Amino acid sequence: MKSNRKEFIRNSTLLGLGVLGLGANAKDIFVSTFTKLDGSLMPNNGRFELAPLGYDYYALEPFIDAQTMEIHYSKHHQTYVNKLNEAIDKEPSLRGKSLDELLLNLSGLPSAVKTAIRNHGGGHWNHSFFWKSMKTGTQMGPNFTKLAIASFGSIETFKSTFEKVSLGVFGSGWAWLILQNNQLKISATSNQDNPLMDAGKTPEMIPKVILGIDLWEHAYYLKHQNKRGAYVTNFWNVVNWDEIELLLK
Ligand SMILES: [Fe+2]
């Protein structure tokens, strides 16, 4: 965890460019907007649940195929939820805590369940966020455009940097776009880690996650086989820019 965290911070420092005038409310960042939108990240009677996908498996065709979506959502994501609940069952003291709270304090969790919550809690958070991040036919909005140009110099640089980081992830992991201290930054994590894990104790230290791309082969292998680059390029066609504008409000 420590090395991944250091890597994340280093990459963020290297890739985050520029400071802008748009204000991000620190209180809002502490509990992510995403969590407010999705009750599945709060346990229901002590159990985490797989929320409805919100669209059909074929909705992201032809960019992400229906079979991949069905297996990814109903098998992979469901398994993360099941194993997260198994971990919580072993530590009743954690029952009722939100997933954000668990991940923000990961290093302080009981050692018997820390790894399971890191892997499966991370998997549940990441995939819940991922499904909401995708929709075809939306257009990049004004708030994001302004932020991206201020942070990266141009939309082209933002996209090329995101693609470069995505292709640079060795093995399974995720690439992220986060907002921190009024600045957009791009980074990557391994396995099911994410930017919230042990992010810090003060609101200013906790990033707001804006976008994430699943770089596990299960996300693209049926359609693209080993061509991660094609999957990443296609991803721009399914980014839900409407959702991103909401996250930036
Ligand atoms: Fe996945």
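Read on for a plain summary of the structure. As the structure is a computational prediction, the values presented were derived from the model and not from experiment. All residue numbers refer to position in the chain's written sequence, counted from 1. The predicted nature of this model means local features are confined to residues of pLDDT at least 70 and side-chain atom pairs, given and counted, to a pLDDT of 80 or more, with totals for whole chains, interfaces and linings taken over all residues. The basis for the side-chain values is all heavy atoms of the structure; hydrogens and waters are excluded.

Re the coordination of the iron ion
Thinking step 1. Those donors, H72 (NE2), H127 (NE2), D214 (OD) and H218 (NE2), are the protein atoms that reach the iron ion, and they lie 1.9 to 2.1 Å from it.
Thinking step 2. For the iron ion, the 4 donor atoms in the first shell make angles of 89 to 138° at the metal, so the coordination geometry reads as irregular. Water is not among the atoms examined, so metal sites may look incomplete; donors are the N, O and S atoms within 2.8 Å of the metal, or within 3.2 Å for Na, K and Ca. Any coordination sphere not matching a tetrahedral pattern (four donors, all angles between 85 and 135 degrees) or a square planar or octahedral pattern (four or six donors, opposite donors over 155 degrees apart, other angles between 65 and 115) is reported as irregular.

Observations concerning the packing of aromatic side chains
For any pair of aromatic rings, the description rests on two quantities: the centre-to-centre distance and the angle between the ring planes.
Thinking step 1. By convention, a stacked pair of Phe, Tyr or Trp rings (six-membered ring in the case of Trp) has centres within 6.5 Å and planes under 30 degrees apart, an edge-to-face pair has planes over 60 apart, and any other such pair is tilted. By the definition in use, this model includes 18 aromatic pairs.
Thinking step 2. Pairing Y57 with Y73 gives two aromatic rings, centres 6.3 Å apart and planes at 55°, and the pair type is tilted. With Y57 in the loop between α3 (33–37) and α4 (66–90) and Y73 in helix α4, this pair connects stretches of sequence that are 16 residues apart.
Thinking step 3. Relative accessible area decides the class of each residue, using a 1.4 Å probe on protein chains only: under 20% of the type maximum gives buried, over 50% gives exposed, and in between gives partly exposed. We classify Y73 as buried; its relative accessible area is 10%.
Thinking step 4. Ring centres of F235 and W236 lie 6.5 Å apart, and the angle between their planes is 50°; this geometry places the pair in the tilted category.
Thinking step 5. Two limits define a charge over a ring: the Lys NZ or Arg CZ must be within 6 Å of the ring centre, and within 35 degrees of the ring normal. For the cation-ring pair, K159 lies above W236, with the distance from its terminal atom to the ring centre recorded as 5.2 Å. Here a strand is any run of E in DSSP of at least two residues, a helix any run of H or I of at least four, and the numbering for each starts at the N terminus.

Description of the sheet that holds strand β3 (residues 208–214)
Thinking step 1. In this analysis, strands are considered paired if DSSP registers two or more bridges between them. Read from one edge to the other, the open sheet built from 3 strands follows the order β2-β1-β3, with strand pairing classed as antiparallel. The outermost strands of the open sheet, each flanked by one partner alone, are β2 (183–190) and β3. The average angle at which neighbouring strand axes cross in this sheet is 20°, direction not considered.
Thinking step 2. For strand β1 (residues 173–180) and β2, the ladder comprises 8 bridges, and the chain directions are antiparallel. Its bridge partner being in β2, A175 is matched across the sheet by A188.
Thinking step 3. We call two residues contacting when some pair of their heavy atoms lies within 4.5 Å. The angle between two axes is taken between their N-to-C directions and runs from 0 to 180 degrees, where each axis is a line fitted to C-alpha atoms and a helix contributes only its stretch in contact. Sheet strands in contact with helix α7 (residues 142–152) are β1 and β2, and its direction is about 80° off that of β2.

Quick notes on the packing of helix α8 (residues 155–168) against helix α10 (residues 228–235)
Thinking step 1. Close contact between α8 and α10 brings their axes to 10 Å; oriented N to C, the two are set at 145°. Both α8 and α10 take part in a crossing whose hand is right-handed. On the side of α8, the interface is formed by F162, E163, S166 and L167, while α10 contributes R228, G229, V232 and F235.
Thinking step 2. For the contact of α8 with α10, the per-class residue count stands at 4 nonpolar, 2 polar and 2 charged. Crossings are classed by handedness, with left-handed meaning an anticlockwise turn of the near helix from the far one by less than a right angle and right-handed meaning a clockwise turn. For this scheme, ten residues count as nonpolar: Ala, Val, Leu, Ile, Met, Phe, Trp, Tyr, Cys and Pro. Four count as charged, namely Asp, Glu, Lys and Arg, and the remainder, Gly too, count as polar.

A short note on unusual backbone geometry
Thinking step 1. With an omega dihedral of 0°, the bond running from E61 to P62 counts as a cis peptide bond.
Thinking step 2. Within the secondary structure layout, P62 lies in the loop between α3 and α4.
Thinking step 3. At N181, a position not held by glycine, the phi torsion is positive, near 50°.
Thinking step 4. Here N181 shows up in the loop between β1 and β2.
Thinking step 5. Using a relative accessible area of 49% as the deciding quantity, one classes N181 as partly exposed.
Thinking step 6. The backbone phi angle of N191 is positive, close to 50°, even though this residue is not glycine.
Thinking step 7. Here N191 shows up in the loop between β2 and β3.

Points about the pattern of salt bridges
Thinking step 1. A pairing counts as a salt bridge when a side-chain nitrogen of Lys or Arg comes within 4 Å of a carboxyl oxygen of Asp or Glu. Tallied over the full model, the rule gives 3 salt bridges.
Thinking step 2. One salt bridge connects D89 with R47, and the closest N-O pair in it is separated by 2.8 Å. With D89 in helix α4 and R47 in the loop between α3 and α4, this pair connects stretches of sequence that are 42 residues apart.

A look at α10
What sets the pattern is the α-helix's 3.6 residues per turn: residues three or four places apart point alike.
Thinking step 1. Considered for burial, the residues of α10 that qualify are R228, Y231, V232, N234 and F235. What you see down the axis of α10 is that its buried residues fit within an arc of 165°, all on one side.
Thinking step 2. Those residues of α10 hidden inside the fold are in contact with α6 (111–132), α8, β3 and α9 (221–224). Each direction from the helix axis to a C-beta atom contributes to the arc, which is the arc of those directions.

Details of the pairing of β2
Thinking step 1. When you tally the buried positions in β2, you get 7 out of 8 residues, the bulk of the element.
Thinking step 2. Hairpin connection between β1 and β2: a loop of 2 residues separates the two successive antiparallel strands, and N181 in this loop has a positive phi of roughly 50°.

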